[in-house]
Amino acid sequence: MTVARDIHATVFRNATATFMARVENAVGQAITQASVASVHYTVFELDAVDPTSLMAVIGHDDVVLAASDVIFDTLQSDESWTVDATGYNFRHELDVSSNEAFAKAGGLYQVRYELIAVVGQKIVFRFKLRCI
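Residues numbered from 1 in each chain as written. Predicted model: local features only at pLDDT ≥ 70, side-chain atom pairs only at ≥ 80, totals over all residues. Heavy atoms only, no water.

Participant: Pulling in residues and values, what's your account of the sheet that holds strand E7 (residues 88-93)?
Facilitator: Strand order in this open sheet of three strands is E2-E7-E6, and the pairing throughout is antiparallel. At either margin of the open sheet sits one strand with a lone partner, and together these are strand E2 (18-21) and strand E6 (71-76). Pairs of neighbouring strands in the sheet enclose a mean axial angle of 35 degrees, with direction left out of account. With four bridges connecting them, E2 and E7 associate as antiparallel partners. Bridge pairing in E7 places Met20 opposite Arg91. (Pairing = 2+ DSSP bridges. Helix = DSSP H or I, 4+ residues; strand = E, 2+ residues; numbered from the N terminus. Axes fitted to C-alpha atoms, helices over the stretch in contact; angles between N-to-C directions.)

Okay, structure coming up:
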């Protein structure tokens, strides 16, 4: 059984962030570009009092990404990946050139990715960020 957990990080106010993960399907195989039909992300501002309250950030709500832009067919291991020696296969630098994503210092944010598989179930993974 897959263990669901948020990936915690910190982001600077009004800055971009790069999100990296090793993403696997339900049977533990690393995803590939061909195995993913679509990729979407949403940035939510979280309410510190009510963790179920999510407010989508303007310009970052259900944004479509090209799988070829964010998914690698082989695991990558470089100096930017410090989690382990195995590597990552997902990398996305959030574009904040038109719309800020993290505007409130002291705020909490969630970046939620949803990958729709060509075959099988959708894959959801999230980053929980504290803005400084």
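Participant: Give a detailed account of the packing of aromatic side chains, specifying residues and quantitative values.
Facilitator: Summed over the entire model, instances satisfying the criterion amount to eleven aromatic pairs. Arranged with centres 5.0 Å apart and planes meeting at 85 degrees, the rings of Phe90 and Phe125 form a pair that is edge-to-face. Taken as a pair, Phe90 in strand E7 and Phe125 in strand E9 (residues 123-131) lie far apart in primary sequence, 35 residues in all. For the pair Phe90 and Phe125, a shared accessibility class is recorded, and that class is buried. With 6.3 Å between their ring centres and 70 degrees between their planes, Phe125 and Phe127 make a pair best called edge-to-face. The buried category is assigned to Phe125, whose relative accessible area is 10%. With relative accessibility at 4%, the residue Phe127 sits in the buried group. By the ring-pair criterion, three or more aromatic residues cluster together here, those being Phe19, Tyr41, Phe90, Tyr113, Phe125 and Phe127. (Phe/Tyr/Trp six-rings, centres within 6.5 Å; stacked < 30°, edge-to-face > 60°. Buried < 20%, exposed > 50% of the residue type's maximum accessible area, 1.4 Å probe, protein only.)

Participant: Give me the environment of Ala21: which residues, what numbers.
Facilitator: Tracing the backbone through its elements, the reader meets Ala21 in strand E2. Residues in contact with Ala21, not counting those within four places in the same chain, are Ile7, Trp81, Tyr88, Asn89, Phe90, Phe125 and Phe127. (Contact = heavy atoms within 4.5 Å.)

Participant: So, the pairing of E7: which residues are in play, and what are the values?
Facilitator: One ladder, built from two bridges, connects E6 with E7; its direction is antiparallel. Looking across to E7, one finds that Ile71 is bridged to Phe90.

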